[in-house]
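So the chains spell out like this:
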Amino acid sequence: MMLIYLLKVSACIAIFFAAYQLLLAKLTFFKLNRTYLLFALMVSFIIPALTIENKREVSVDNKATELKAAYGNYISFEENINDDNANVAQPHNWKQIVEYGYYAVLIAFLLRILLTMGYIRYAINKFEMLKLGSVVFVKKNSKIKNCTFLNKIIIDSSLTIEEQKMVIRHESVHVKQGHGFDKLLVNIACCILWFNPIIYLWRIAIDNNHEFLADEEASETIDKNVYASLLLNLASQTNNSVANNFSKLPLKNRIMMMYKKPNNPVKRLTYFAVIPLVLVCSFAFVNRKEVIVEKERMSNQLQSTRKVDFSKTNYFLSNGIVENNNLMEEQVLIIDAGHGGEDNSSVALDGQKEKDLNLRAVMFLKEEALKRGIKVVLTRSDDRFLSLRDRLPKQQGTAFISIHHNSKPITANKAFDGIEVYVSKLNRNIKGAERLGTGILSKLNRLDGMAVRDSLGNVNLLLLRDSKMPSVLIEMGNIADGKSLNYINNEKNIRRISNLILDGFESFFKAGC
C-alpha cells in the first residue's frame, strides 16, 4: 500500500510541476509562485491519502448471503509454522524486499540531511569571529559564508562594509519570509520521494524562487547594476541544499528576472488553472471505497437441518476417526484445541495457560453445537500433546476450526486485543475457507464488548494449508490484555462467541458449503 501511495504522490508531483514550468515559472509574481510550489507539494501528498466512501444498499436472501473475502495486512503469531515433514520452500516476498529497500534509502537520506546540518553548525562555530544578533561574521577561509542557515545570517568578514550591507539586506529577506521552513519541507519531500527525479527539480524551483524574492526586495534599495556585479563577484558552486546562499551558480535566471519588467496584473488569472489541476488529481488519485450494506430479505422457506440423537451414536473413536460413510449429508464440525500437553504455548496475565483456555473454549463450542444438532469431532478432549500432522482431520467433514488465543502485549507491533479469523491462501480449497471465514466474521461482528477484525488474515500454517476441507483458525482474544482476558473468563461471553461462530458455520453449510 505504501508503494502505491508513493507512486500516486509522484504522479501528482509530475502534473503540478509540469503546470508550473509551462504556465508560472516565467512570471514575476514570485510570492504567488512560492505559494503555488508549497501548496501543490502538500496537496500532492494529501490527495492520495484521502478515501471517499460510497455506501450502496442491496437486498439479499438471508439464506443465500455470500460475503466477498477481504484480507487484512496483519499477523498475531509466528507465520511460517511447519511440521517436521512439511517444510515448504517459501518464495521471496519481493514486495516486502522492495519496501525495506525503500525505507533503508529513506533513512540514509534523512541521516545525510542531519549530518549536513550538523556540519554547517560546526563550521559556523569554528570560524566565527563576531556575532551581532542573528548576524554571524566568519573568517574568510570558512566554507560556510554569505548565506542563511535557519534564522542565522552568515557573512564573510573580509567583505567591505557596503558589500556586507548588500548581502545582509538580501539574506534578511530569507529570514523574514521564513524560507528555511520551505527548504526543510522540500528536503523532507526529497527524502520520501528519493526515487522520483522531478522532486529534485521541484527543490531547485523553490531555491530559485527564494532568490528571486530576495533579489526583488533587495534591489528596491540597492542599485541593480552594483548588486548584479556583487552577485557575479561572489558567485560560487555549491551543492548545499539546506542553506540559502547569496550567490550560487548559475546566475543567468536570477539576473534576467531582476531586470525583467513586471508582468501585467491580469496574468494573475493564470493561477486559477490550479483549480482544474487539483480536481483532475483528486479524481484520478483519491482512493475510493465502496461499502455494500446488505439488507436481509427473509425467505418464505427456510432450509431445515436434520437433528441427530448423539446419545445413541458413537462418533468418537481413537485418534478422532468418525465411523460414518455419509457425513456430508449432515453438519460435521471438526474442532481443534490448539497446543496441549508439554506444549503450553503462552501464559495469560492471571497465570492460565493458553492450552487450557483453548480446550475450555472448545468444550463450550462443542456443547453449543450439540444443542443445534451439529455433529462434532474434537482433535483432543483432554490435556495431551498432538503433532500438527496428527491434528489434521483424517475423516470427512463440513469444516475444520482451530481455536487459539492471542498473547501479545497491545504495545507490541501489530498486536490486537480482539477476535481474529485466519485462512491460508496456499490451501487448494481456499475458496471454501474464504466462504467459511467471511461467514463467521459476519456473525462475530455482532458481538458486543470485544473487538473483531473486519477482514481475514492470511497465514502459512500447516493445519490451514494442508487441510482437505474448508479450514479456519480463530484467535478468541488477547490473554495478554487485561480487558480482553476478563471478557474471555466469563462463561456467558464464551458461549455468546461460540454461538456466533456456529451461526457463521451453519450459514456456510446452508449455502452449500
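The preceding data block contains the structure.
Draft legend 1. The arrangement of the packing of helix α6 (residues 197-218) against helix α8 (residues 252-259) in detail. With their axes 10 Å apart at the nearest point, α6 and α8 run at an angle of 40 degrees to one another. If you check the angle between α6 and α8, you find them oblique. For the pair α6 and α8, the sense of crossing is right-handed. Facing E211, F212 and D215 of α6, the residues of α8 in contact are N253, R254, M257 and M258.

Draft legend 2. How the structure looks around empty space enclosed by the protein. All told, the structure shown has 1 cavity of 30 Å³ or more when counted by the stated rule. Of the volumes computed, that of the largest cavity is approximately 70 Å³. Residue lining of the largest cavity: I113, M117, L150, G180, K183, L184, N187 and V242, and that is the complete set. Those elements giving two or more residues to the lining of the largest cavity turn out to be α3 (94-127) and α5 (179-192).

Draft legend 3. Fine view of the sheet that holds strand β8 (residues 332-337). Spatial strand order, β9-β8-β10-β13-β11-β12: 6 strands in an open sheet with mixed pairing. The outermost strands of the open sheet, each flanked by one partner alone, are β9 (375-378) and β12 (457-458). By the bridge criterion, 3 bridges tie strand β11 (residues 420-423) to strand β13 (residues 471-478) in an arrangement that is antiparallel. Paired with Y422 across the two strands is L473, which belongs to β13. Contacts from helix α12 (residues 430-444) reach β10 (399-406), β11 and β13 within the one sheet, and its direction differs from that of β13 by about 30 degrees. Each of β8, β10 and β13 touches helix α15 (residues 491-510); the most contacted strand, β13, lies at about 160 degrees to it.

Draft legend 4. Region of the structure containing the side chain of Q164. In this fold, Q164 is placed in helix α4 (residues 161-176). A polar contact is formed between the side chain of Q164 and the backbone oxygen of L159, at a distance of 3.0 Å. Non-local contacts of Q164, meaning those with residues more than four positions away in its chain, are made with F137, I155, D156, S157 and L159.

Draft legend 5. Structural view of the packing of aromatic side chains. The full count for this structure, using the stated rule, is 9 aromatic pairs. Geometrically, the ring pair formed by Y102 and Y103 is edge-to-face, given 5.3 Å between the ring centres and 65 degrees between the ring planes. We classify Y103 as partly exposed; its relative accessible area is 28%. Here W194 and F195 contribute two aromatic rings whose centre-to-centre distance is 5.8 Å and whose plane-to-plane angle is 85 degrees, an arrangement assigned as edge-to-face. On the accessibility criterion, W194 (24% relative accessible area) is partly exposed. F195 gets classed as partly exposed once you look at its relative accessible area, which sits at 32%. Grouped by ring-pair contacts, the aromatic residues F17, Y20, Y36 and W202 constitute a single cluster.

Draft legend 6. Layout of the nonpolar core. In terms of nonpolar packing, the biggest core is built from 51 residues, with F16, Y20, Y36, L41, I199 and W202 touching the most fellow members. Looking at this core, the elements with two or more residues in it are α1 (2-24), α2 (30-46), α3, β3 (135-138), β4 (147-149), α5, α6 and α9 (274-285). For this core, the element with the highest residue contribution is α1, accounting for 9 residues. Excluding anything up to four places from it in sequence, W202 contacts I13, F16, F17, L37, A40, L41 and V186. Among the nonpolar cores identified, the runner-up in size contains 44 residues, and A337, L359, L378 and L436 belong to it.

About the cut-offs
- Residues numbered from 1 in each chain as written.
- Predicted model: local features only at pLDDT ≥ 70, side-chain atom pairs only at ≥ 80, totals over all residues.
- Heavy atoms only, no water.
- Axes fitted to C-alpha atoms, helices over the stretch in contact; angles between N-to-C directions.
- Helix = DSSP H or I, 4+ residues; strand = E, 2+ residues; numbered from the N terminus.
- Parallel < 35°, antiparallel > 145°, perpendicular 65-115°, else oblique.
- Left-handed = near helix turned anticlockwise from the far one by under 90°.
- Contact = heavy atoms within 4.5 Å.
- 1 Å grid on protein atoms, 1.4 Å probe; cavity = no way out; pocket = protein on both sides within 12 Å on 5 of 7 lines; lining within 4 Å.
- Points joined across faces, edges and corners; volume = space filled by probe spheres on them.
- Pairing = 2+ DSSP bridges.
- Polar contact = N/O pair within 3.5 Å; in protein donor to acceptor, adjacent residues only side chain to side chain.
- Phe/Tyr/Trp six-rings, centres within 6.5 Å; stacked < 30°, edge-to-face > 60°.
- Buried < 20%, exposed > 50% of the residue type's maximum accessible area, 1.4 Å probe, protein only.
- Core = buried A, V, L, I, M, F, W, Y, C linked by side-chain atoms within 4.5 Å.

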